[in-house]
Structure formats: C-alpha cells, structure tokens
There are 2 protein chains.
Amino acid sequence: MNSPRKNDIPILLRAYAREVTDRVPVWYMRQAGRYLPEYNEIRSDLSFMELVQNVDQATAVSLQPLRRFGLDGVIFFSDILTPLHAAGIDLHFEEKRGPVITTIVEKASDLDRLRDFLPDRDCPYVGEIQKRIRQTLGTGSERAALLGFAGAPFTLASYLWEGGTSRRFERTKQILFGEPDFAHAVLERLVEITVAYLDFQLRSGAEAVQIFDSWAGILRPEHYEEFAGRYTGQIIEQLRRRHPNPVILFVGNSAHLLGEMVAQSPQVISLDWRVTPTEAARMIPTQIAIQGNLDPLVLYGAPERVTRETLRILEAWGKRPGYVFNLGHGIHPSTPIENVTAMLEAVRAFRPS
Amino acid sequence: MNSPRKNDIPILLRAYAREVTDRVPVWYMRQAGRYLPEYNEIRSDLSFMELVQNVDQATAVSLQPLRRFGLDGVIFFSDILTPLHAAGIDLHFEEKRGPVITTIVEKASDLDRLRDFLPDRDCPYVGEIQKRIRQTLGTGSERAALLGFAGAPFTLASYLWEGGTSRRFERTKQILFGEPDFAHAVLERLVEITVAYLDFQLRSGAEAVQIFDSWAGILRPEHYEEFAGRYTGQIIEQLRRRHPNPVILFVGNSAHLLGEMVAQSPQVISLDWRVTPTEAARMIPTQIAIQGNLDPLVLYGAPERVTRETLRILEAWGKRPGYVFNLGHGIHPSTPIENVTAMLEAVRAFRPS
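Model, not experiment: these values are computed from the prediction. All residue numbers refer to position in the chain's written sequence, counted from 1. Starting at A for chains and at 1 for ligands, labels are handed out in the order in which the entities are written. Given that the model is predicted, a residue must reach a pLDDT of at least 70 before its local features are reported, and side-chain atom pairs must reach 80 or more before they are shown or counted; all residues, however, enter totals for whole chains, interfaces and linings. Hydrogens and waters are ignored; side-chain quantities use all the structure's heavy atoms.

Notes on the interface of chain B and chain A
Often, the extent of an interface is quoted as the loss of accessible area on bringing the components together. Whether two residues touch is decided by their heavy atoms; if any such pair falls within 4.5 Å, the residues are in contact. On the chain A side, the residues contacting the 44 residues of chain B number 44 residues. What gets called buried area is simply the loss in accessible area from a 1.4 Å probe that two parts show on being joined, summed for both. Taken together, both faces of the contact between chain B and chain A bury some 3,700 Å²; the carbon and sulfur share is 48%. Salt bridge, as used here: a side-chain nitrogen of Lys or Arg that lies within 4 Å of a carboxyl oxygen of Asp or Glu. Counting every contact that joins chain B to chain A gives eight salt bridges. The shortest N-O distance in the salt bridge between aspartate 295 of chain A and lysine 173 of chain B comes to 2.6 Å.

Here's the deal with unusual backbone geometry
The linkage connecting glycine 292 of chain A with the following residue, asparagine 293 of chain A, adopts the cis geometry, with an omega of -20°. We count a stretch as a helix when DSSP gives it H or I for four or more residues in a row; a strand needs E for two or more, and each element gets its number in order from the N terminus. Take asparagine 293 of chain A: it is sitting in strand β8 (residues 289-294). Of note, the phi angle at arginine 18 of chain B is positive, near 65°, even though the residue is not glycine. The topology assignment puts arginine 18 of chain B in the loop between α1 (11-16) and α2 (37-43). For arginine 30 of chain B, which is not a glycine, the phi torsion comes out positive at approximately 60°. By secondary structure assignment, the location of arginine 30 of chain B is in the loop between α1 and α2.

A word on the relation of the copies chain B and chain A
Least-squares fitting of one copy onto the other uses the C-alpha atoms of those residues that reach a pLDDT of at least 70 in both copies. Mapping chain B onto chain A calls for a screw motion: a turn of 180° about the axis and a shift of 0.0 Å along it, with 0.0 Å RMSD after fitting. This pairing of chains is accounted for by a two-fold axis. When you check the interface residues of chain B against chain A, 100% turn up at the interface there too, and the contact is symmetric in its surfaces.

Overview of the side chain of threonine 82 of chain A
All names here are of chain A. Mapped onto the fold, threonine 82 is located in helix α5 (residues 82-86). We define a polar contact as two N or O atoms separated by no more than 3.5 Å, with the added condition that, inside protein, one atom must be a possible hydrogen donor and the other a possible acceptor, whereas residues neighbouring each other in sequence contribute only through side-chain atom pairs. Within the structure, the side chain of threonine 82 is placed 2.7 Å from the side chain of serine 78, a separation counted as a polar contact. Leave out the neighbours within four places in its chain, and threonine 82 touches Val52, Tyr125, Val126 and Tyr197.

Remarks on helix α11 (residues 221-242) of chain B
Spacing of three or four residues puts side chains on the same side of an α-helix, whose turn is 3.6 residues. Every helix has an expected span of 1.5 Å times one less than the residues it contains. Here α11 of chain B spans 29 Å end to end across 22 residues, near enough to the 32 Å set by a 1.5 Å rise per residue. Two axes enter the bend calculation: one fitted to the seven residues ending at the residue in question, the other to the seven starting there, and the bend is the angle between them. Within α11 of chain B, the axis deviates most sharply at alanine 228 of chain B, by approximately 45°.

Focus on the sheet that holds strand β4 (residues 145-151) of chain B
Residue and element names in this part refer to chain B. Strands were regarded as paired on the criterion that DSSP finds at least two bridges between them. Read across the sheet, seven strands follow the order β1-β4-β5-β6-β7-β8-β9 without closing on themselves; strand pairing throughout is parallel. Edge positions in the sheet fall to β1 (73-75) and β9 (323-327), since each of these pairs with one other strand and no more. The mean inter-strand angle of the sheet, taken between neighbouring strand axes irrespective of direction, is 25°. Where strand β8 (residues 289-294) meets β9, five bridges bridge the pair, whose relative direction is parallel. Across the sheet, the residue bridging to leucine 294 is leucine 327, located in β9. Packing against the sheet, helix α10 (residues 180-203) makes contact with β4 and β5 (208-213), and its axis sits at approximately 170° to β4. In this description, a line fitted to the C-alpha atoms serves as the axis of each element, helices being fitted only across the stretch in contact, and the angle between N-to-C directions of two axes falls anywhere from 0 to 180 degrees. Contacts from helix α14 (residues 303-317) reach β8 and β9, with the element oriented near 160° to β8.

Topic: the pattern of salt bridges
Pairing between side chains becomes possible if they bear opposite charge and their charged atoms approach one another. All names here are of chain A. According to the stated counting rule, one finds 54 salt bridges over all chains in the structure shown. With its nearest N and O atoms 3.5 Å apart, the salt bridge here joins arginine 97 to glutamate 94. Its relative accessible area of 53% is what places arginine 97 among the exposed residues. Remark: exposure states derive from per-residue accessible area (1.4 Å probe, protein chains only) relative to the maximum for the residue type, with buried under 20%, exposed over 50%, and partly exposed in between. In this structure glutamate 94 comes out as partly exposed when scored by relative accessible area, which is 31%. Across the pair glutamate 207 and arginine 143 runs a salt bridge whose closest N-O atoms are separated by 2.6 Å. One end of the pair, glutamate 207, is in the loop between α10 (180-203) and β5 (208-213); the other, arginine 143, is in the loop between α7 (124-137) and β4 (145-151), with 64 residues separating them in the sequence.

Side note on the packing of aromatic side chains
Residue and element names in this part refer to chain A. Any pair of Phe, Tyr and Trp rings, taking the six-membered ring for Trp, is counted once the centres come within 6.5 Å. Such a pair is stacked with planes under 30 degrees apart, edge-to-face with planes over 60 apart, and tilted for the rest. Applying the stated criterion across every chain, the model contains 24 aromatic pairs over all chains. Centre to centre, the rings of phenylalanine 48 and phenylalanine 93 are 4.2 Å apart; their planes meet at 35°, and the pair counts as tilted. Placement of the pair is phenylalanine 48 in helix α3 (residues 48-53) and phenylalanine 93 in strand β2 (residues 91-94), with a sequence separation of 45 residues. Residue classification places phenylalanine 48 among the buried positions, given a relative accessible area of 14%.

Some thoughts on the side chain of aspartate 272 of chain B
As for its position among the elements, aspartate 272 of chain B is in the loop between β7 (268-270) and α13 (277-283). Residue contacts for aspartate 272 of chain B: discarding those within four places in its chain leaves Phe250, Val251, Gly252, Asn253, Ser254, Asn293 and Gly328 of chain B.

Thoughts on the confidence of the model for chain A
All names here are of chain A. In the predicted model, chain A carries a mean pLDDT of 95, and the fraction of residues at 70 or more is 98%. Per-residue confidence from the predictor is given as pLDDT, running between 0 and 100. Segment residues 1-5 is flagged for pLDDT under 50; beyond a separation of four residues in sequence, or across chains, it makes eight contacts in the model. Scoring the predicted complex yields pTM 0.96 and, for the interface, ipTM 0.94.

Quick look at the layout of surface pockets
One water molecule sets the probe size; rolling that probe over the atoms shows where empty space is left. Buriedness for pockets is judged along seven lines, at least five of which must meet protein on both sides within 12 Å for an open set on the 1 Å grid over protein atoms alone, while cavities are sets there where a 1.4 Å probe fits but cannot get out, and lining residues have an atom within 4 Å of a point. Grid points are joined across faces, edges and corners, and a volume is the space filled by probe spheres set on the points. Taken as a whole, the second largest pocket encloses approximately 440 Å³ of empty space. For the second largest pocket, the lining is made up of 28 residues, of which Ala255, Glu279 and Arg282 of chain A together with Glu279 and Arg282 of chain B are closest to its centre. Where the lining of the second largest pocket is concerned, the elements lending two or more residues are α12 (258-263) and α13 (277-283) of chain A together with α12 (258-263) and α13 of chain B. Looking at the lining of the second largest pocket residue by residue, the classes come out as twelve nonpolar, eight polar and eight charged. Each residue is assigned to one class: nonpolar for Ala, Val, Leu, Ile, Met, Phe, Trp, Tyr, Cys and Pro, charged for Asp, Glu, Lys and Arg, and polar for all the others, Gly among them.

Here we look at the sheet that holds β5 of chain A
Strands in a sheet are paired, the pairing made by backbone hydrogen bonds, and the direction either parallel or antiparallel. Residues and elements named next belong to chain A. Spatially, the seven strands line up as an open sheet ordered β1-β4-β5-β6-β7-β8-β9, and their pairing is parallel. Only two strands of the sheet have a single partner each, and these edge strands are β1 (73-75) and β9 (323-327). Along the sheet, successive strands turn relative to each other by an average axial angle of 25°, direction set aside. The sheet contact formed by strand β6 (residues 247-251) and strand β7 (residues 268-270) spans three bridges and is parallel. Looking at the pairing, phenylalanine 250 lines up with serine 270 of β7.

Below, the structure is given as structure tokens:
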C-alpha cells in the first residue's frame, strides 16, 4: 500500500493501462445516485435536468460517493441524453418512466431538430463540472481519477426513435430493418455529436471516458455490427487520434457481443454481469483491460452473499493486470448502503499477489 | 417432397429425433396470437383467461396458424401461468401490462395458496384441448405435430414474487440473494406442479413439450445453475423416466447460458435470437436438436430483409440433422402477415441437400 510510486498516475489509470497494481481499483456505474441519502437531499430541490445543468450541485453530487466511500474513480454526474438535450431535443425525466422525449425523430427531416452541436457553447456546464471535480481531486497516485462518459449512437438513436426506454424496441427495429438508410443517417449524425462531446470532456479534465451502449444487447452480433459496433468503433478511432486517454466500452446485456466489442479496440471493456470470467478470458485479449462485473442486484441480498459474490469475482479476475472492480450495470436506487460497504471492504481486503 | 416415408412419424418429430429430413420443418412461438385477425375476432368476445379455459375456442385458435399457413407444429393455446391459476393463484391479464397476480407470494407460508395440483381435476380443459387438436391433425408423415408447453420454475416463481412481468426483477433477486431457502422452497414446489402438468399434457396427446424459461437470462451462469437450471433439469429427467417424447428447452436471452442448458440434456434447445450459429455449434453437441432463431422483430422490416435474414439462418443451420426453423422469441402482435408469408416461403424453398 505504501510502496513508492513510479509516478503520480492514479491507480485507476494505471490499471486501465494494464500495469500491475498492488490492489484492485474500484468505482461503479451510477455511483452518484438515488441509493445515497445525500443525493436525494440535493435532488429534492431540483428536477433531474436542472441538477445536470447546475455546476455547483452536479459537482457536489459527483463527489458524494468519493466522500462517503473513497473510490478510485469519480464519474461526473449527468445523463447519456445530455448532449441531445444540449443539441435541441426536448426531454424531461419522469419518476417511474425515466427520460421522455416529446418530439421523437420519425423521419430524416426530423434530424434538423439536432442543431450543429458545439459543446463549448451548448453545454458549457459539462466542461465546468469536470474542471471543478478535477481541481478537487488534487494530485498524487492515491487520488481518484475523473471519468467522462457518453451514450453510444445506437442507444441514443433508440431514445430518439422510441421517445424513452422501451421493453422490446419495436419502433427501433422497425426502422433498422425497414428504413436502414434513415437509421444510418441518424447514427452517423450521433457519431459526430458524440465525438465532439467526448473530445470536449477530455479537454475539460476527464482522464478516461466510458461509452454506454445500454440497449445494444437486443441485437444479434451481425445486427450489432451493422447498426451499433461500427459507429462506436468510429468514435473510439477518432478519439484515439486526438487523445491518449483510455476509452472504456460498456454494452448492456452483451455476453453474445464480446467478439464485436473487441474488434472496436477499446482500451477497456466494461462487462455486463452475465459474462463469466472464463468466457471473458476466452474472448478478450490481454491488451484490453477489463472492468466489472458483479450483478448489482446481488447488493439486494444478505451481506454474506455480497461478500461471497464479490470474492468470487476478485478470485477470477483480481490477478489480471488491467482489472478494475465494478458492477455489471448501474447500482439500483434501493440498494442498502451497508451492502455497498461490504462489497468495498471485500475489494479492499483482496491482494492481487 | 413426395418420396415414401419409412413410417408415419410427422416431420417435426423426426427432426427433433435428429433424423435427416428432406425439408426444414417450421413452427414459431406464439403463432396463435394477436397478429392474426381471426385470433382477434375470437378474442374480442372473451377475456384471455376465458379463452384459455374455453375448449372449443382455444382449440380453434390453436389451429388458426395451421389453417392459414400449413405449419409443421401446432402448439396448444394457453399461457405459462395456466397451471398456477388452476392451482389457486388469482390472476388476470391486462391489455398493456400482461399478467397480473394480485396476491403475490411473499413468504414461505404463502405457498399454501398453491393447493395440491391435480391437472386432470384442476385444468381438465388443457387435456381436452389437446385431445381435440390431436384428433384434427389426423395421421401421416405430412401432418403437423402437437406441442405442449409449460413455464420453467424460475420464470413462474418470478411471476409469483413480482406479481407480473418486471423490468429488472428486483424483488426476485432480493429473494434469491437474501432469502435463498424461501426461494428454493418455491422452486421445488413449482417443479412438482410442472412435472404433473407436462405429464398430463403428454397423456392427453402432446407429442413434444417445450419448457419456457422466459426470464432466466437475467441470471449469470452460476446463479442460473443455482436457481433455474437445476430445477428445469429435474423436470426433464422426471419426464424422461415416464415418456419417450422430446422435451424442448427455451431460455430467453440465454447466449451466456448455453453450457448450462446443454447440461440439462434436453432433446432440443430452442435458441434466443441473439445466438450465432458459430456459437451454438461450439456449445451444443450434435446429440441435441436445435430450433430457432430469427429475431421476431426482423418481421417488422422490409420483405427483402425478411427473406435475406431467413436465408442467412437456413444457410447456417439448415443442413444440420435435427434443425427446426423457429423464431428466437414469440412473434409480436403487430407483425405484418405478409412478412410471415415471406419468411415461410423462404423456409419452404430451402433444400437441406
């Protein structure tokens, strides 16, 4: 723990670069969220989109899990739909439904609703939040690293087409399989927006960025490649030309898509909870770091179960250079905090060597 | 097509027995359903559960897809929740929500709500519907075969715990990981019910039975084994001791569970649409027949897309002895019928050799 560091690079970034670390770094998706009472306190005065745009409060909320648990990564508080909102799409969040887009994109001409997206002009608050967080994190190899993120084109497009989250994505697949030219036009536009958005974040202090393709798991591999993977691949390639920072790829429900994810050459793959270590080791070459993948709903169980399942994952992956502990999906709102503590204690007690 | 048959066994059953057939047999999940105007006509006068229990009309509805399309299998019209309803669980169907169980099973003593289940006494209509369909199907190797079905214990338990379909199965996982003894008690009880129910169907004329574990794909492999696979495995084993008929295993969203499904030794595995032929060939030994696996939402696309995707699947699997064309999930209510026709034409035009 106290051995001298070669340099001052935070442990999370060293793991993403596949260096051997003396402990397993940890952060988890949606770590700033409704399972924290201090989050709900701030959120009670603001709507979701107000909070996203409020630099002081979004910064405070982003840092809450760090203050409480001392994690190795801080992901800035926002939503994957933020850049669409900033580019002119009308949306709000409803308590049970989640995001609601009132003017869905039904035909090619509806793409005009997405104005030319200049993140410095259209969502300066995102850059400001990242600068503030980064300043707070200080220096030294034991500090947390700042993570940016964006939604992947396929997932963003599904929101534009469905108007919100969907169970079966009927409208999305109707467009993919019935109007592929329109589908590709939307996806190409979203590549441009996402590259600009992530580039802005990396210029504003983010040290690594994660791309969330939350819904692409509804596609079989050849459809994923046709409508999702090729576009995330373009984003990863374009970012790599401009920035040395790692890009993390997360695809929800993606046990069947690992080969296609590897083909995009992200520096890190963040695994859904369904993937076994054996399968991941078979499919993911050692040049790619791995993040994951406890089922977040294990945290609804008994504390002994939480400890046992956390250890099972650590024993499988903890010794692999370039392994970061995380959940296999965002943490759920009613997660008991004592179970988060049990999970983190197990991660911290584990020694890779 | 007109070559003499060794015997009068229907082509579907010969394929399930892994015999070489001169064409690919076809049926598809939820083939008797809302995409058919003749179904909606009958359904407009009856609630869903009334239709399930109405021998005349349920028989008529089961036969509708055969009359219209001439398929190789007829699955009797019912729902996976029918045996729970027959065993005393109060449930009804709502238009958008699907099944609703008003008195959920929250603790071990709630299991008393499931009375001793004697299918001959508690759901005689199921046996009667099967007898009637079987009589209509006649004889000869070109006739359709009659399929029975049941829900798997894990999927049925999730309905008892959640009260309906769920997005994240939070309550289910809370019970699995927090109250495993209670979970196992419910699952064991559902094994008994399901064995009795499928045995009853096989005694009433069903020639093969499919077990639907619609929601087990939310589990990672070791949890699937702990809470789902071992119980479906028990059902398959107990049925095999009593009946020579094939048991087909379908697990929704199961690309990551193929190894565990194989371990249960079903005669047939019905694949979710996400699995590639390469992956299935790697994981499923040739002693197990394969059924599947077009994405049902491809049928929302353009007819050329439907033909192309159907052919892609046939080219990959059509030559494997023991292959049956099917969808990777139930057909959706708004599927255009001309796309079903395009799919079936492609299947019928395909020659395995």
